[in-house]
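Here are the chains, one letter per residue:
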Amino acid sequence: MVVLMPPLVRLVPRNFIQTVDLNEKKTQQMRRVSQTQRLSALLPKIPCLTTSSNRDVPIPEKVECEEIASDDLLLTWQLPDSAVPVIGFKVMVNNQEFKVSNTSECRTMLSELPSPRPLYLTVRSMTTSGQGRDSKPCIFGRDPIKAPHSLEVTNVTSSSAVIAFVGQPHFHHAVLLNSRHLVSLSPGEFVYMLRGLDPGTHHEVRITTLPSDSDPPQHSPHSQHTSFSTKSAT
């Protein structure tokens, strides 16, 4: 008679199985880290670039343009003192970059300009960390400066009045009350309300066309004026 013996079963503690699993996971992680390090060593070294705020970049000032020939324009500007070094400039024409031959000095010649006029020319400063904001525009090729017309005062009360006029759409216009400069209106603004007037007083209002966003001259031929009186207080 043959007696069959059951197979021997080797018992393994649970903590041994967990230890083996942890060791295998750790080995796989080390292999992945090693592969990543080898791939990183093959990549080119790219320097980390730091960018400064465009508020730190100096903005060109006193941008002026002068027509040299029918197709050539001389653009000049000044650069204010700044601790940020400027390596060049970018010229913008009607908000589009215009390629120029020399942008390392505060002047450049512009040729083959686009035909639609007027042209709004601005300059940006370029640094190793970026570019700055646009300068105030130099406007070229617009209509000759003219005085406003059709000036009228309406809605007069004891302390306020509304002035309206017809001016040139591409020019600033200064509002003067009793020879005192109140405000310069942006191009396209032809209505303004006067406030804080004294009741029962006589006033003279003058509108002057400005060649740029600047203070109006004391005496300008490009202006129109009229007078009105506020109502008495009740």
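**Q** Tell me what's going on with the sheet that holds strand β5 (residues 107-111), and back it up with residues and numbers.
**A** The 3 strands are arranged β1-β2-β5 in an open sheet whose pairing can be described as antiparallel. Edge positions in the open sheet fall to β1 (61-67) and β5, since each of these has one partner strand only. The sheet shows a mean angle of 20° between the axes of neighbouring strands, direction not considered. Inspection of the sheet shows β1 paired to strand β2 (residues 72-78) by 5 bridges, in the antiparallel sense. Residue pairing across strands places Glu61 opposite Gln78, the latter belonging to β2.

**Q** Before we move on, could you go through the side chain of Thr122 and cite the residues and values that matter?
**A** As for its position among the elements, Thr122 is in strand β6 (residues 119-127). Residue class for Thr122 comes out buried when judged on its relative accessible area of 9%. In contact with Thr122, not counting residues within four places along its chain, are Lys90, Val91, Met92, Asp134, Ser135, Lys136 and Pro137.

**Q** Explain the pattern of salt bridges residue by residue, including any values.
**A** All chains considered together, the criterion is met by 2 salt bridges. Glu97 is the salt-bridge partner of Lys90, the closest N and O atoms lying 3.9 Å from each other. Look at Lys90 and you get buried, because its relative accessible area is 18%. Across the salt bridge formed by Asp134 and Arg124, the nearest N and O atoms sit 2.3 Å from each other. Of the two residues, Asp134 sits in the loop between β7 (130-131) and β8 (138-140) while Arg124 sits in strand β6, which places them 10 residues apart along the sequence. For Arg124, a relative accessible area of 19% gives the class buried.

**Q** Help me get a handle on the sheet that holds strand β11 (residues 172-177), residues and values and all.
**A** Spatially, the 4 strands line up as an open sheet ordered β12-β11-β14-β15, and their pairing is antiparallel. This sheet does not close on itself; its edge strands, each paired only once, are β12 (180-185) and β15 (223-229). Between one strand axis and the next, the sheet turns through 20° on average, direction left out of account. Inspection of the sheet shows β11 paired to β12 by 5 bridges, in the antiparallel sense. Bridge pairing links Leu176 to His181 in β12.

What counts as what
- Residues numbered from 1 in each chain as written.
- Predicted model: local features only at pLDDT ≥ 70, side-chain atom pairs only at ≥ 80, totals over all residues.
- Heavy atoms only, no water.
- Pairing = 2+ DSSP bridges.
- Helix = DSSP H or I, 4+ residues; strand = E, 2+ residues; numbered from the N terminus.
- Axes fitted to C-alpha atoms, helices over the stretch in contact; angles between N-to-C directions.
- Buried < 20%, exposed > 50% of the residue type's maximum accessible area, 1.4 Å probe, protein only.
- Contact = heavy atoms within 4.5 Å.
- Salt bridge = Lys/Arg side-chain N within 4 Å of Asp/Glu carboxyl O.

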